[in-house]
Amino acid sequence: MFGKSLIEALRLILQADTALANVIAVSLQVVGISLVIASALGIPLGIFLGLKRFVGKRLVIALLYTGMGFPPVVVGLFVYMLLSRSGPLGQLGSPLVPALYSTGAMIMAQIIISFPLVAGFTMAAVLGLDSHLRLQLHALGATSWQALWTMLVEARVGVLIAVIAGFGSIISEVGAVMMVGGNIEGSTRTLTTAIVLETRKGEFSMAMALGLILLLISFIANAAMLRLQGKALDQ
Amino acid sequence: MSELLYRATNLTKRYEERTVVDVASLEIERGEILALVGPSGAGKSTLLRLLALLEAPTSGSLQFQGVEVAMGGARPSLAMRRQLTMVFQRPLLLNRNVTANIEYGLRLRGLKAKERVAQVLEQLGLTDLARANARNLSGGEAQRVSLARAMVLETPILLLDEPTANLDPYNVSLIENAIRSINQQRAATVVIVTHNVFQARRLAHRTALLLDGHLVETLPTEAFFNAPDDARTAAFVRGDMVY
C-alpha cells in the first residue's frame, strides 16, 4: 500500500491542482507572517534580556523558558478562549482582533508558540558573547545603537538558530491551527491540518503528497538558513 | 606650559558594598605616558574604565578637559568619548578578518583610510595576516590586532589595560615600540596599566602605584623607582609583598 500511495502522491504533486496550491499558500502565509512577527518581537527581547539587568529578570526568563515548552494545543485553547465571542478579546468586536477560524487567529497562535523560542535562543546567543565586548565597542567609539548592532552581528549564528527553532516549531504544528483555524477548505486549511483530514478520510495518497510537500518546504527553508549560518561560520 | 587632561578628586567607584577605586587626587597631562602599576585587584582596570568614560564614578569629581563628567556633571558626549580609545586586557576581536577588525572604529565614524590601515598593519607586523580570520590568531597576534584597531583611530588619548600580558619578548618589544611612536610622533597621551614594573620603567614618564583602590603616589618614573616617598612604593618596586 505504501509504494502505491507514494507513486500516487507524486502524481498528485505533479498535477498540482488549485486546492493543493491553496493549501500550500495558506501554510506559507501563516508560517511566514508568524515567523516575521515572532522574530521582530523575540530578537529584540532576547537581546534586551541578554544585556540588561533589571528587577524581575529571573521571573521573565522563567516565563520565557516555560513558553518554550508550552504544548501548542494549550496555546490553541488559550487563543480560542481569548477570541471566542464571550472571550476577553472577542467581546471587543474590534477590527484589530482576528476572528476565530481565520488565518489571523492561526497567526496569533503561531506567534505565541514560536516567540518564546526565538527570544530564548537569542538571549542565549547574546549571553554567549564576552561580557566586556560592549564596553570595548564603546571604547572604540561606538554609539549605543552601533554597539547593539555589532553584538547582534557577532551573535548571528545563534540568532539564526533561534529563527530556525521558531520556524521548526510552527511549520509542523497542527493542534493549535486546527483549533483556532477550523481547517476550512480554501480559507484556513494548511498542510498539517489537511494531512490529518485526508488520513481520516483514508486518502493516504493525498495525505502523503501533502506530507512530502511539507517536508520539501521545511528542507528548503532550513537549507537556506543553514547557508546563511554557514557563511557566518566561514568568516 | 603643559595642559591638564584629567583631574580626579576624591574619585570612588563602588560595586554593591565593595569600594574598588578610592583615589584622593590624580592629574594627567596631555602628551605624557602614565603607567598605573599595582597588584591584581588593586582597581587599576576599573580606574582605567573611569578614565575611558565607560563607567560613571560612584562619587567624587572627574574632570576631562575641564568638563566635569562625574555624578552631577555632563554625560560624556560622543565627541568627547571619541577622543579616547581603550584597549582591554583580552583582545575581544570581532568574528571577521584582521583588516575588518582594524577598520571597525573607522567605519563607526564613517571614515575610510586604507593607507592608515596598511600603515598600522605594517607597523605591528600584521600585513601577512590582513585577510586571516581574527578568531584563528595566536595570543600575541590577537593582542597586536587589538592595539592596531585602537591605533588606527589616531585619537589623542590611548588607554591600555595590560597590553602585553602573557606575550613573548618579541611581541612585547613590538607593542612597546608602537606605544612610544604614538606618543612621540602624535604627542598622544597614553595611560598604561601594567603588572610589569620594568615595562613601566621602560615606557612611562610618570608612574603611579595603586593599592586596594587607593593611589599611593604618582611620581616621575625615575623618582618612582629610585627615590619613592612612600615606603609601600619602595617595597613594591623591590618586589616585596605589600598587600
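See the structure shown above.
Parameters at a glance
- Residues numbered from 1 in each chain as written.
- Chains lettered and ligands numbered in written order.
- Predicted model: local features only at pLDDT ≥ 70, side-chain atom pairs only at ≥ 80, totals over all residues.
- Heavy atoms only, no water.
- Core = buried A, V, L, I, M, F, W, Y, C linked by side-chain atoms within 4.5 Å.
- Buried < 20%, exposed > 50% of the residue type's maximum accessible area, 1.4 Å probe, protein only.
- Helix = DSSP H or I, 4+ residues; strand = E, 2+ residues; numbered from the N terminus.
- Contact = heavy atoms within 4.5 Å.
- 1 Å grid on protein atoms, 1.4 Å probe; cavity = no way out; pocket = protein on both sides within 12 Å on 5 of 7 lines; lining within 4 Å.
- Points joined across faces, edges and corners; volume = space filled by probe spheres on them.
- Nonpolar A, V, L, I, M, F, W, Y, C, P; charged D, E, K, R; others polar.
- Pairing = 2+ DSSP bridges.
- Axes fitted to C-alpha atoms, helices over the stretch in contact; angles between N-to-C directions.
- Parallel < 35°, antiparallel > 145°, perpendicular 65-115°, else oblique.
- Left-handed = near helix turned anticlockwise from the far one by under 90°.
- Salt bridge = Lys/Arg side-chain N within 4 Å of Asp/Glu carboxyl O.
- Buried area = accessible area lost by both parts, 1.4 Å probe.
- Polar contact = N/O pair within 3.5 Å; in protein donor to acceptor, adjacent residues only side chain to side chain.
- Expected span 1.5 Å × (residues − 1).

J.: For this particular structure, what's the right way to read the nonpolar core?
T.: Tyr6, Leu47, Leu62, Phe64, Ile102 and Leu159 of chain B are the most contacted members of the largest nonpolar core, which has 144 residues in total. Examining the composition of this core, we find that ten residues originate from one element, helix 5 (residues 103-127) of chain A, more than from any other. Those residues within four positions of Tyr6 of chain B in sequence are excluded, and the remaining contacts are Leu26, Glu27, Ile28, Leu51, Leu62, Gln63, Phe64, Leu84, Ile157 and Leu159 of chain B. Among the nonpolar cores identified, the runner-up in size contains five residues, and Leu49, Ile61, Leu64 and Met123 of chain A belong to it.

J.: It is not clear to me how empty space enclosed by the protein should be interpreted in this structure. Could you clarify?
T.: Residue and element names in this part refer to chain A. One pass over the structure, following the stated rule, counts one cavity of 30 Å³ or more. One number sums up the size of the largest cavity: a volume of about 80 Å³. Around the largest cavity sit Ser27, Val30, Val31, Gln110, Ile170, Ile171, Glu173, Val177, Thr190, Leu191, Thr192 and Leu214, which together line it. Tallied by class, the residues present in the lining of the largest cavity amount to seven nonpolar, four polar and one charged.

J.: I would appreciate a short explanation of the environment of Leu226 of chain A in the present structure.
T.: Residues and elements named next belong to chain A. Note that Leu226 resides in helix 11 (residues 204-234). Residue Leu226 is classed as exposed on the basis of its relative accessible area of 51%. Separated by 69 residues in sequence, Leu226 and Val157 place their C-alpha atoms 9.3 Å apart.

J.: Help me out: how do you make sense of the sheet that holds strand 10 (residues 214-220) of chain B in this one?
T.: Within a sheet, each strand pairs with its neighbour through backbone hydrogen bonds, oriented either parallel or antiparallel. Residue and element names in this part refer to chain B. Read from one edge of the open sheet, six strands run 6-7-8-3-9-10, paired in mixed fashion. Looking at the sheet topology across the chains shown, the edges are occupied by strand 6 (84-87) and strand 10. Sheet twist, expressed as the mean angle between neighbouring strand axes with direction ignored, is 15 degrees. For strand 7 (residues 157-161) and strand 8 (residues 189-194), the ladder comprises five bridges, and the chain directions are parallel. Residue pairing in the sheet places Leu159 in a bridge with Val191 of strand 8. On top of the sheet, helix 9 (residues 231-238) reaches strand 3 (33-37), strand 9 (206-211) and strand 10; it is set at about 100 degrees to strand 9, its chief contact.

J.: Whenever I open this one, the packing of helix 2 (residues 18-51) of chain A against helix 8 (residues 156-171) of chain A confuses me. Can you help?
T.: For any two helices packed against each other, one specifies the inter-axial angle together with the distance between the axes. All names here are of chain A. Here helix 2 crosses helix 8 at 140 degrees, and the two axes come no closer than 10 Å. With respect to helix 8, the axis of helix 2 lies oblique. Judged by the twist between their axes, the crossing of helix 2 over helix 8 is right-handed. Between helix 2 and helix 8, the contacting residues are Val31, Ser34, Leu35, Ser39 and Ile43 on the first element and Val159, Val163, Gly166, Phe167, Ile170 and Ile171 on the second. Along the lines of polarity and charge, the residues of the contact of helix 2 with helix 8 split into eight nonpolar, three polar and no charged.

J.: Would you explain the pattern of salt bridges in this entry?
T.: A side chain of one charge can pair with a side chain of the opposite charge if their charged atoms are brought near each other. One pass over the full model with this rule turns up 14 salt bridges over all chains. Salt-bridge contacts for Glu198 of chain A lead to Lys201 of chain A; the nearest nitrogen and oxygen are separated by 3.5 Å. Remark: Lys201 of chain A and Glu198 of chain A occur in helix 10 (residues 191-201); sequence separation between them is three residues, near one turn of the helix. Among the salt bridges present, the one from Asp230 of chain B reaches Arg232 of chain B, with a minimum N-O distance of 3.1 Å.

J.: Help me understand the packing of helix 5 of chain A against helix 8 of chain A, please; the structure alone is not making it clear to me.
T.: All names here are of chain A. Two elements in contact, helix 5 and helix 8, have axes separated by 8 Å at closest approach and are oriented at 160 degrees. For the element pair helix 5 / helix 8, the angle class is roughly antiparallel. By crossing handedness, the relation of helix 5 to helix 8 is classed as right-handed. In contact with Gln110, Ile113, Ser114, Leu117, Val118, Phe121, Thr122 and Ala125 of helix 5, helix 8 contributes Gly158, Val159, Ala162, Ala165, Gly166, Ser169 and Ile170. Across the contact of helix 5 with helix 8, the residue classes tally to nine nonpolar, six polar and no charged.

J.: Can you walk me through the interface of chain B and chain A in this structure?
T.: Where the parts come together, the accessible area they lose is often given as the size of the interface. Counting from both sides, the interface comprises 27 residues of chain B and, opposite them, 19 residues of chain A. Surface buried jointly by chain B and chain A totals about 1,900 Å² across both partners, of which 51% is contributed by carbon and sulfur atoms. It is Leu92, Asn95 and Tyr104 of chain B that lose the most area in chain B upon contact with chain A, and together they represent 25% of the buried surface on that side. With a shortest N-O distance of 3.1 Å, Glu154 of chain A and Arg135 of chain B are connected by a salt bridge. There are 14 residue pairs in polar contact (both at pLDDT 80 or more) connecting chain B and chain A. Within the residue set of the side of chain B that touches chain A, elements represented by two or more residues are helix 2 (78-81), strand 6, helix 3 (98-108) and helix 5 (139-151) of chain B. In terms of residue count, the dominant contributor to the side of chain B that touches chain A is strand 6 of chain B (four residues). When the residues that make up the side of chain B that touches chain A are grouped by side-chain class, the tally is 14 nonpolar, four polar and nine charged.

J.: Where do I start with helix 8 of chain A in this structure?
T.: An α-helical turn contains 3.6 residues, so a residue and the one three or four places further along point in the same direction. For helix 8 of chain A, built from 16 residues, the straight-helix expectation of 22 Å at 1.5 Å per residue is met to within 8% by its first-to-last C-alpha distance of 22 Å. Here helix 8 of chain A has its buried residues at Arg156, Val159, Leu160, Ala162, Val163, Ile164, Gly166, Phe167, Ser169, Ile170 and Ile171 of chain A.

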